[in-house]
Amino acid sequence: MTLHNGSFRANGEAHLSIAQVSKGFVTPQEELIALQDITLEVGRGEFISILGPSGCGKSTLLRIIGGLLEPTSGSVAVNGRSPREAQADKALGFVFQEPSLLPWRTVVDNICLPLEVNNRHHRDTRYTTEGMLSLVGLGRFRNYYPFQLSGGMQQRVALARALAFDPALLLMDEPFGALDEITRATMRYELLRIWDREKKTVVFVTHSIIEAIILSDRVAVLSSQPGRIKTVVDINLPRPRSEGLERGEAFLDYSNLLHSLLMGGVKNGANFSR
Ligand SMILES: Nc1ncnc2c1ncn2[C@@H]1O[C@H](COP(=O)(O)OP(=O)(O)OP(=O)(O)O)[C@@H](O)[C@H]1O
Ligand SMILES: [Mg+2]
């Protein structure tokens, strides 16, 4: 594998720019620096993963990008605007680890919830309700309640709900973390299919090396305490990606590289591409 002096910049137009973001939390016990000096650009339509050990600040970073949390210093721009403005404009979609569906509403009513809350209809967006259901493969289950769905199906509903406003930027925080390995593997390729079709920019938080390689154009590896970007790895594997990918030699090279980065075996600050 060849190592290049790459950059943390987007390849093409930047959709998301994170500039020198730091975040400290003051607790009764101590002042904790969760994130330190995070600088990263994400290109329009790019799929980027944030990979790092538990507690390194991945969710904190995603919440800052989404305008749910203010950084202590530094700035974030989504399409040149603040995250709050982007959120108010429905330019951001969130998917969290737990699908958090409303148990008393059916699949279709959960998907339409953001539109209802905002007094809008699917006809105001690019999608129809039927289109959303078929996009996530739940047409047959439109009138099911969450308790009648498997974990993977619930997560598809959460994904459809996040896409309801057709946001250009999708923020996903370990969305498949609670799923069993087989469902999780299926959902990865489902997500890629949707991403291929919808051309969203995706920031995907994970601690799974396999997931990061299969999905991403680039992987930003975070170190913990304080959370810093150790390096950014370009994943130069052809698309569309298919299940055989995981058995290829290139995949194993990336897997070994990311593994040693996470374990601290590779020096900080380098950039990699194959
Ligand atoms: N509201 C808060 N108040 C105090 N400390 C916080 C708060 N939120 C997060 N932290 C701390 O910030 C650090 C990063 O937390 P964060 O949830 O971002 O980690 P993470 O990388 O998402 O972990 P995981 O993979 O387990 O989800 C942790 O040490 C956590 O204790
Ligand atoms: Mg987290």
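Residues numbered from 1 in each chain as written. Chains lettered and ligands numbered in written order. Predicted model: local features only at pLDDT ≥ 70, side-chain atom pairs only at ≥ 80, totals over all residues.

Undergrad: Any chance you could break down the site of ligand 1 for me, citing the residues and the numbers?
TA: In the vicinity of ligand 1 there are 13 residues, among which Phe25, Ser54, Lys58, Ser59 and Thr60 approach most closely. Of all the secondary structure elements, the ones that give two or more residues to the shell around ligand 1 are β3 (31-43) and α1 (58-65). For the shell around ligand 1, the element with the most residues is α1, which contributes three residues. Looking at the shell around ligand 1 residue by residue, the classes come out as four nonpolar, eight polar and one charged. (Near = placed C-beta within 6 Å. Helix = DSSP H or I, 4+ residues; strand = E, 2+ residues; numbered from the N terminus. Nonpolar A, V, L, I, M, F, W, Y, C, P; charged D, E, K, R; others polar.)

Undergrad: Outline unusual backbone geometry, supporting the account with residue identities and numerical values.
TA: For the peptide bond that leads from Gln225 to Pro226, omega is 0°, which places it in the cis range. With respect to the helices and strands, Pro226 occurs in the loop between β9 (218-223) and β10 (228-234). With a phi close to 60°, Lys90 is a non-glycine residue in the positive phi region. Here Lys90 shows up in the loop between α2 (83-88) and β6 (92-95).

Undergrad: Explain the nonpolar core to me, using residue names and the numbers behind them.
TA: Leu51, Ile65, Met132, Val203, Ala220, Val221 and Leu258 are the most contacted members of the largest nonpolar core, which has 72 residues in total. In contact with Ala220, not counting residues within four places along its chain, are Leu40, Ile48, Ile50, Leu51, Ile229 and Val232. (Core = buried A, V, L, I, M, F, W, Y, C linked by C-beta atoms within 7 Å. Buried ≥ 20, exposed ≤ 12 C-beta atoms within 10 Å, placed from the backbone. Contact = placed C-beta atoms within 7 Å.)

Undergrad: Just give me the short version of helix α3 (residues 107-117), but keep the residues and values in it.
TA: Among all positions in α3, only Val107, Val108, Asn110, Ile111, Cys112 and Leu115 are buried. Lining the buried residues of α3 we find α4 (129-135) and α5 (151-162).

Undergrad: Summarise the pairing of β3; cite the residues concerned and give the values.
TA: Pairing of strand β2 (residues 14-26) with β3, which is carried by nine bridges, proceeds in the antiparallel orientation. Residue Phe25 lies in a different strand from β3, and its bridge partner there is Leu32. Linking two consecutive strands that pair antiparallel, namely β2 and β3, is a turn of four residues. (Pairing = 2+ DSSP bridges.)

Undergrad: Quick rundown of the packing of α3 against α5? Include the residues and the values.
TA: For the pair α3 and α5, the least separation of the axes is 7 Å and the interaxial angle reads 30°. Judged by the angle between their axes, α3 and α5 are roughly parallel. Here the hand of the crossing between α3 and α5 comes out right-handed. Facing Val107, Asn110, Ile111, Leu113 and Pro114 of α3, the residues of α5 in contact are Val157, Ala160 and Arg161. (Axes fitted to C-alpha atoms, helices over the stretch in contact; angles between N-to-C directions. Parallel < 35°, antiparallel > 145°, perpendicular 65-115°, else oblique. Left-handed = near helix turned anticlockwise from the far one by under 90°.)

So far we have only geometry, and geometry alone does not tell us how the molecule works.
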